[in-house]
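Summary of structural features
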Amino acid sequence: MTLITRPEGLSPDQIAPSRRSLGAATAGGLFFAAYAPAAFSQSAQPIATDTAGLITADAAYPAPDGFALPAYVARPEGAGPFPVVIVVSEIFGVHEYIRDVCRRLAKAGYAAVAPAFFVRVQDPAPLSDMQAIQRIVAAAGYAQVMGDIGATLDWIGAQPWAKADKVGITGFCWGGKVVWQAMARFPTLDAGVAWYGRLSPAATATDEQKTAGRPWPIDLAGELKAPVLGLYGGQDSGIPNDTVKAMNDALSAAGRSDSSIILYDDAPHGFHADYRASYREADAKDGWRRLLALFNSRLKN
């Protein structure tokens, strides 16, 4: 099986592409139909959320650079309007795990929108070559991603089923870092939940890597526009516990008593990802409970 332990993906010695077929692109659809093969564990039993009582669809809308940005949308049946959660993927893009997260949110009464940030270059979801995936992800810089989120907010504002004044954001791994960045940039976002996104440069990062990763969440603590909840693993080798403590200290120093990081002592990186060997059911369920509590308090009042 393949086990991802680093927040940005596999290290070179962990790359072991699987030839197992996990699915094919949906005929006529925008997205790879199954779980990302680069991280899928053959022993996994992923959560499968049905579409009963939901409306699901692929959408596309213009980004600032003119690109037609694809997104997966899941929402409750009915006219709404519903509070909205933007879902930011890991490095594998909008594969089945991310779509299922959207359906889980829709079952909880939210309209969930998952933009495909990487497909300007290529959809990473069907790929097993982690080096190729890393190159695709690296092309999605801060300016592009923030532009895509702004376009997503604009599109949400034009949907009759959406409560455009009640929008949250959640993201995983790469997407967890994006949550912190977006919450410091967009005052229209009412709450964020960041799952194990890198907070500061790695100790071994080069100057180029430090620059490419800016702005780092630890430098944005005083700029957050609304509460952010971080959900991190104490056994995450790519996000050391001292960086989590530093982020919590930065939030306290900035007077952000409404924002903090919960550290699950025994959890590795990717502990919510039920299609990976890193999945930890109890911690994932507790994190999801906390996510819903924050979103319910901020988006449903």
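Summary of the structure given here. If you're wondering where the values come from, they're calculated on a predicted model, not measured in any experiment.

**Brief notes about the pattern of salt bridges**
- With the rule as written, the count across this model stands at 14 salt bridges.
- For K245, the salt bridge identified is with D249, shortest N-O distance 2.8 Å. Of this pair, K245 and D249 both sit in helix 6 (residues 241-253), four residues apart, which is roughly one turn of that helix.
- On the accessibility criterion, D249 (39% relative accessible area) is partly exposed.
- Taking the shortest distance from any N to any O, the salt bridge between R289 and D286 comes out at 2.7 Å. Here D286 and R289 lie together in helix 7 (residues 281-299), a separation of three residues that amounts to about one turn.
- Ionic contacts of the salt-bridge type, sharing partners, join the residues E96, R99, D100, R103, R104 and D274 into one network.

**Points about the packing of aromatic side chains**
- Following the criterion strictly, the structure yields 14 aromatic pairs and no others.
- Ring centres of W195 and Y196 lie 6.3 Å apart, and the angle between their planes is 70 degrees; this geometry places the pair in the edge-to-face category. Here the two residues W195 and Y196 agree in accessibility, since each one is buried.
- Three or more aromatic residues link up through ring pairs in this structure, and these residues are Y35, F40, Y97, F172, W195, Y196, Y264, F271 and Y275.

**Some points on the pairing of strand 7 (residues 228-233)**
- Buried residues dominate strand 7, accounting for six of its six residues.
- Burial along strand 7 is two-sided: V228, G230 and Y232 facing one way and L229, L231 and G233 facing the other are all buried.
- Examined bridge by bridge, strand 6 (residues 189-195) and strand 7 share four bridges and lie parallel to one another. Counted as the bridge partner of W195 is L231 from strand 7.
- Relative to strand 8 (residues 260-264), strand 7 runs parallel, the two sharing five bridges. Bridged to G230 within strand 8 is I261.

**A few points about the nonpolar core**
- Counting 97 residues, the largest nonpolar core has V87, L105, I149, W174 and W180 as its most contacted members.
- Excluding anything up to four places from it in sequence, L105 contacts V85, V87, Y110, A112, W288, L291 and L292.

**Observations regarding unusual backbone geometry**
- Of note, the amide linkage connecting G80 to P81 takes the cis form, showing an omega dihedral of 5 degrees.
- With respect to the helices and strands, P81 occurs in the loop between strand 2 (68-76) and strand 3 (82-88).
- One non-glycine residue, C173, lies in positive phi territory at about 60 degrees.
- Here C173 lies in the loop between strand 5 (162-172) and helix 4 (174-185).
- What makes C173 buried here is its relative accessible area of 4%.

Criteria and cut-off values
- Residues numbered from 1 in each chain as written.
- Predicted model: local features only at pLDDT ≥ 70, side-chain atom pairs only at ≥ 80, totals over all residues.
- Heavy atoms only, no water.
- Salt bridge = Lys/Arg side-chain N within 4 Å of Asp/Glu carboxyl O.
- Helix = DSSP H or I, 4+ residues; strand = E, 2+ residues; numbered from the N terminus.
- Buried < 20%, exposed > 50% of the residue type's maximum accessible area, 1.4 Å probe, protein only.
- Phe/Tyr/Trp six-rings, centres within 6.5 Å; stacked < 30°, edge-to-face > 60°.
- Pairing = 2+ DSSP bridges.
- Core = buried A, V, L, I, M, F, W, Y, C linked by side-chain atoms within 4.5 Å.
- Contact = heavy atoms within 4.5 Å.

Keep in mind that these numbers describe shape and distance, not what the molecule does.
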